[in-house]
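Read off the chains here:
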Amino acid sequence: MKDARLRFLSVVALSIASFMSVVAAMLTVGWWFIHEKQKRVIFRSIPFWIYLGIIGFFGLVIQVESGGGLSYILRLGAIALLAAWTYREFRSGEFLEVAVWIFGKKVGFELGLVAEMSIQGLRVLEEDIERIRMALILKGRRGWVRTLPTTLSLLLMVTLRRADAQASLLALRGYQKGGELCPEFSRQSRELLSGSAALAIFFLALFLTLLV
Amino acid sequence: MKILLEEIEVIRGSFSLRGSGNVFEGVHLIWGPVGCGKTTLALLLAGLLVPGKGKLRKEGISKIGFLTQFPEYQITSRTIGEEVESWGADPARVLKDSDLIGREEEDPLRLSRGELKRLLLITLLMNNPDLLLLDEPFGGLDCRERRRLIQKLTERSSAITILFSHDHSIMPRIDYLWEIQQGMLLYRGGMPEAISHWSCPPPYLRSIGQESLSVHFSYNDGEEG
């Protein structure tokens, strides 16, 4: 989906729908299967499987304690899939453009900038983890459990230091509030159909919830 | 001790690197402009990347030392002392040699890039690896440190040392020259004959004739650059 506005709208609508209804969650997975051409990329993502594992664990606990664990796994699993897809589809600057388009050049710019910096921080964190992994291999230390506390504290320190440097840079450039941006979007003809399908799933979920 | 590269190919996005050759004991210089694929090749030789095609075999190499272009990426410990220990080296000896005595409890990320590079270089050299890979080792080092590194590299024997660099203003004694051009790894030969095949030799060598080069290199053999 090239048009970031439609993508965000679809993701928000499908996430709410998946949370509300199991049927909508299954339809969301179907929607994703139709739209995603490179499904393997997400299935090869380790963080995605870790997140699914956490959902599975809590789902199992809920199932044993009070029932309804399967519904939890299906609904949260669909949301995790959407989140992984959104993260992979994200292009630098899109959050800023969408936020400015929705909320304007003051509040929108602020929100967009925070979102951009957060997402870029996650990307840099991914690179940091890969570099630390390589360094550990070179040092012949393959037991990740033993090195986990040091690695996590190191990542935390590096992230805090980077945020500090970023804040200083913004201040140095005279950033105070808002900014000038003229967002531009392009889309393919079938994207409107995809957005409409996502909204249809949302309204179906709403209808099913109200019916119950 | 040798590395055999058999028609290897690495593809990373729109970039690709291909090449064949045998890397024997001695000091090798892999020269090429910025962005030509030197780091990719270094990662490949370090075993951190797998070639998409071809074979890479290491014979008689059990210990590998790799200094990346950005040494801060190799830090995995909270203190300088722990960092040296994480490489399996003796902190007391390394800190003494790196002029960092009394700073073992400091955060390694607070060191300047030059200091950090010096620390890791000395750590790696003390481990005496069979294969030592140095990606742009002279960047961030002052003249004194460059000379000291050259001296240390010259003292290494019966091992493979590979320098990846675009900077040829100062070099240790090189035994073999390689170049990366348009995604191809090309072996230029042993020194000093390889200089005549070098696409961009340093200016101080360009003006010297082949005969005088031989004299220059044999005179400097075993000494600082």
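In this text the structure is predicted, and so the values were computed from the model without any measurement.

Conventions and cut-offs
- Residues numbered from 1 in each chain as written.
- Chains lettered and ligands numbered in written order.
- Predicted model: local features only at pLDDT ≥ 70, side-chain atom pairs only at ≥ 80, totals over all residues.
- Heavy atoms only, no water.
- Patch = residues over 30% accessible without salt bridge, like charges linked within 9 Å, V, L, I, M, F, W, Y side chains within 5 Å.
- Areas by Shrake-Rupley, 256 points an atom, 1.4 Å probe, with all protein chains shown as cover.
- Salt bridge = Lys/Arg side-chain N within 4 Å of Asp/Glu carboxyl O.
- Lys, Arg positive; Asp, Glu negative; His and termini not counted.
- Charge placed at Lys NZ, Arg CZ, Asp CG, Glu CD.
- Buried < 20%, exposed > 50% of the residue type's maximum accessible area, 1.4 Å probe, protein only.
- Helix = DSSP H or I, 4+ residues; strand = E, 2+ residues; numbered from the N terminus.
- Pairing = 2+ DSSP bridges.
- Axes fitted to C-alpha atoms, helices over the stretch in contact; angles between N-to-C directions.
- Parallel < 35°, antiparallel > 145°, perpendicular 65-115°, else oblique.
- Contact = heavy atoms within 4.5 Å.
- Buried area = accessible area lost by both parts, 1.4 Å probe.
- Polar contact = N/O pair within 3.5 Å; in protein donor to acceptor, adjacent residues only side chain to side chain.
- Nonpolar A, V, L, I, M, F, W, Y, C, P; charged D, E, K, R; others polar.
- Core = buried A, V, L, I, M, F, W, Y, C linked by side-chain atoms within 4.5 Å.
- Domains from an automatic or database assignment.

**Let's talk about a negative patch on the surface**
A cluster of acidic residues, Glu82(B), Glu85(B), Asp90(B), Glu104(B) and Glu105(B), forms a negative patch on the protein surface. Taking the relative accessible area as the measure of exposure, Glu82(B) reaches 36% and is therefore partly exposed.

**Examining the pattern of salt bridges**
One pass over the structure, following the stated rule, counts 27 salt bridges over all chains. In this structure, Lys105(A) engages Glu180(A) in a salt bridge whose closest nitrogen and oxygen atoms are separated by 3.2 Å. Taken together, the residues Lys105(A) in helix 6 (residues 94-138) and Glu180(A) in the loop between helix 7 (144-172) and helix 8 (189-211) connect sequence positions 75 residues apart. By relative accessible area, which is 37% here, Lys105(A) ends up partly exposed. Since its relative accessible area comes to 66%, Glu180(A) is described here as exposed. Put simply, Glu145(B) and Arg148(B) hold a salt bridge, and the shortest N to O gap is 3.3 Å. In this pair, Glu145(B) and Arg148(B) are both assigned in helix 5 (residues 143-155), three residues apart and thus about one turn of the helix distant. According to the relative accessible area criterion, Glu145(B) is buried, its value standing at 6%. We classify Arg148(B) as partly exposed; its relative accessible area is 24%. One salt-bridge network, in which partners are shared between bridges, spans Asp99(B), Arg118(B), Arg144(B), Glu145(B) and Arg148(B).

**Considering the sheet that holds strand 7 (residues 160-165) of chain B**
All names here are of chain B. Taken in spatial order, the nine strands line up as 4-1-2-9-8-3-7-6-5 in an open sheet, and their pairing is mixed. For this open sheet the edge positions go to strand 4 (53-59) and strand 5 (64-67), each flanked by a neighbour on one side alone. Mean inter-strand twist for the sheet, computed between neighbouring axes without regard to direction, equals 20°. Looking at chain direction, strand 5 and strand 6 (residues 131-135) are connected through four bridges and run parallel. Of the residues in strand 6, the one forming a bridge with isoleucine 64 is leucine 131.

**Focus on the packing of helix 5 (residues 69-89) of chain A against helix 6 of chain A**
All names here are of chain A. Contact geometry for helix 5 and helix 6: axes closest at 11 Å, N-to-C directions at 95°. Accordingly, the angle class assigned to the pair helix 5 and helix 6 is roughly perpendicular. Across the interface between the two elements, Tyr87, Arg88 and Glu89 from helix 5 touch Glu94, Ile119, Leu122, Arg123 and Glu126 from helix 6.

**Some details on the interface of chain B and chain A**
Between chain B and chain A, the residue contacts involve 17 residues of the former and 15 residues of the latter. Here chain B meets chain A over a buried area of about 1600 Å², counting both sides, of which 64% is carbon and sulfur. In this structure, Glu83(B) engages Lys139(A) in a salt bridge whose closest nitrogen and oxygen atoms are separated by 2.6 Å. Between chain B and chain A we count five residue pairs in polar contact (both at pLDDT 80 or more) in total. For the side of chain B that touches chain A, the secondary structure elements donating two or more residues are helix 1 (38-46), strand 5 and helix 2 (80-86) of chain B. In the side of chain B that touches chain A, the residues fall into nine nonpolar, four polar and four charged.

**Section: a nonpolar patch on the surface**
Residue and element names in this part refer to chain A. On the surface, Ile46, Ile50, Tyr51, Ile54, Phe57, Phe58 and Val61 cluster together into a nonpolar patch covering about 690 Å² of accessible area. By secondary structure assignment, the location of valine 61 is in helix 4 (residues 46-65). Classification of valine 61 by relative accessible area gives partly exposed; the value is 34%.

**Thoughts on the nonpolar core**
Counting 53 residues, the largest nonpolar core has Ile3(B), Leu41(B) and Ile162(B) as the members making the most contacts within it. The element that contributes the greatest number of residues to this core is helix 1 of chain B, accounting for six residues. Looking at this core, you find at least three residues from each of domain 1 (24-47 + 130-225) and domain 2 (77-127) of chain B. The residues contacting Ile162(B), other than those within four sequence positions of it, are Ile3(B), Val23(B), His28(B), Ile30(B), Leu45(B), Leu131(B), Leu132(B), Leu133(B) and Leu134(B). Of all hydrophobic cores here, the second largest spans 20 residues; its members include Leu14(A), Trp32(A), Leu81(A) and Leu82(A).

**Side note on the environment of Glu97(A)**
Residues and elements named next belong to chain A. Following the sequence through the fold, glutamate 97 ends up in helix 6. Under the relative-accessibility criterion, glutamate 97 is labelled partly exposed at 22%. Linking glutamate 97 and glutamate 130, residues 33 residues apart in sequence, is a C-alpha distance of 30 Å.

**Quick notes on the domain arrangement of chain B**
All names here are of chain B. Here chain B is described as being made up of domain 1 (24-47 + 130-225) and domain 2 (77-127). Residue-level contacts link 14 residues of domain 1 with ten residues of domain 2. For the pair domain 1 and domain 2, the summed buried surface comes to about 930 Å²; carbon and sulfur atoms form 61% of the total. Counting the surface domain 1 buries against domain 2, the share from its top three residues, Leu141, Arg148 and Lys152, is 39%. At the surface where domain 1 touches domain 2, the tally comes to three salt bridges. Here arginine 118 ties to glutamate 145 by a salt bridge, and the two come within 3.3 Å at their closest N and O atoms. Across the contact surface, domain 1 and domain 2 share six residue pairs in polar contact (both at pLDDT 80 or more). For the side of domain 1 that touches domain 2, the element with the most residues is helix 5, which contributes six residues.

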